[in-house]
Amino acid sequence: MNLRDYFCFLLVMTGVTYVLRAVPFVLMKKQLQSPFLKSFLAYIPYTVLAAMTVPSIFYATESRLSGILALVTTVIAACFGGGLVIAAIVSCCTVLCIDGFIPMLF
C-alpha cells in the first residue's frame, strides 16, 4: 500500500467516525421522551459487549467443552448475585478444572 492510498483510507475512516458521532448530536436537539427508546438505547452497550465477549469464550480455552461450562457456571454465579470478580473466579476455576485436572486423571 502506498502513502496516497493510506491517507485516503485514513480520511474516509475519519469522516465515517466523525459523522457517526456528530449526526446524533445535530439531529437530537431535545431530550428523548419515549421510555421505550430510552430503555432501548440504555441496553445497547451491554448488547455490544456481550456480542463481542461470548463468542470469544468458546475459542479462548483448549476445548470447547470448558468454554461452554465456564459460560454456564458464570451465568449461574451471576444469577445468584455474584459480582464481576466472583464471576471471573468461577469461570477461571471451571476452565482450570476441565482443562487442567481432568486430563491428568486419564
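What counts and what doesn't
- Residues numbered from 1 in each chain as written.
- Predicted model: local features only at pLDDT ≥ 70, side-chain atom pairs only at ≥ 80, totals over all residues.
- Heavy atoms only, no water.
- Helix = DSSP H or I, 4+ residues; strand = E, 2+ residues; numbered from the N terminus.
- Rg over C-alpha atoms; globule rule 2.2 N^0.38 Å.
- Buried < 20%, exposed > 50% of the residue type's maximum accessible area, 1.4 Å probe, protein only.
- Contact = heavy atoms within 4.5 Å.
- Areas by Shrake-Rupley, 256 points an atom, 1.4 Å probe, with all protein chains shown as cover.
- Phe/Tyr/Trp six-rings, centres within 6.5 Å; stacked < 30°, edge-to-face > 60°.
- Patch = residues over 30% accessible without salt bridge, like charges linked within 9 Å, V, L, I, M, F, W, Y side chains within 5 Å.
- Salt bridge = Lys/Arg side-chain N within 4 Å of Asp/Glu carboxyl O.

Caption draft 1: Fine view of the overall build of the chain. Each helix and strand in the chain was counted, giving 5 helices and 0 strands. Listing every helix and strand of the chain by position from the N terminus yields α-α-α-α-α. Against the compact-globule benchmark of 13 Å for 106 residues, the chain has a radius of gyration of 22 Å, which places it well outside the compact range. Each of the three principal axes of the chain carries a C-alpha extent, and together these read 60 × 50 × 20 Å. A burial count over the chain gives 11% of its 106 residues as buried. The contacts of the chain with a sequence gap of at least 6 include a subset with a gap of at least 24, amounting to 41%. Here the chain displays about 9,100 Å² of accessible surface, and carbon together with sulfur accounts for 77% of that area.

Caption draft 2: View of the packing of aromatic side chains. Counting across every chain of the model gives 3 aromatic pairs. With a centroid separation of 5.5 Å and an interplanar angle of 75°, the aromatic rings of tyrosine 6 and phenylalanine 7 are classed as edge-to-face. Where tyrosine 43 meets tyrosine 46, the ring centres are 6.4 Å apart and the plane angle is 55°; that geometry is what we call tilted. The exposure class assigned to tyrosine 43 is exposed, which follows from its relative accessible area of 55%.

Caption draft 3: Representation of a nonpolar patch on the surface in the model. The grouping of Phe36, Leu37, Phe40, Leu41, Ile44, Val48, Leu49 and Met52 at the surface amounts to a nonpolar patch, some 780 Å² of accessible area in total. Taken together, the elements giving at least two residues each to the nonpolar patch come down to helix 2 (35–42) and helix 3 (44–59). With respect to the secondary-structure elements, leucine 37 resides in helix 2.

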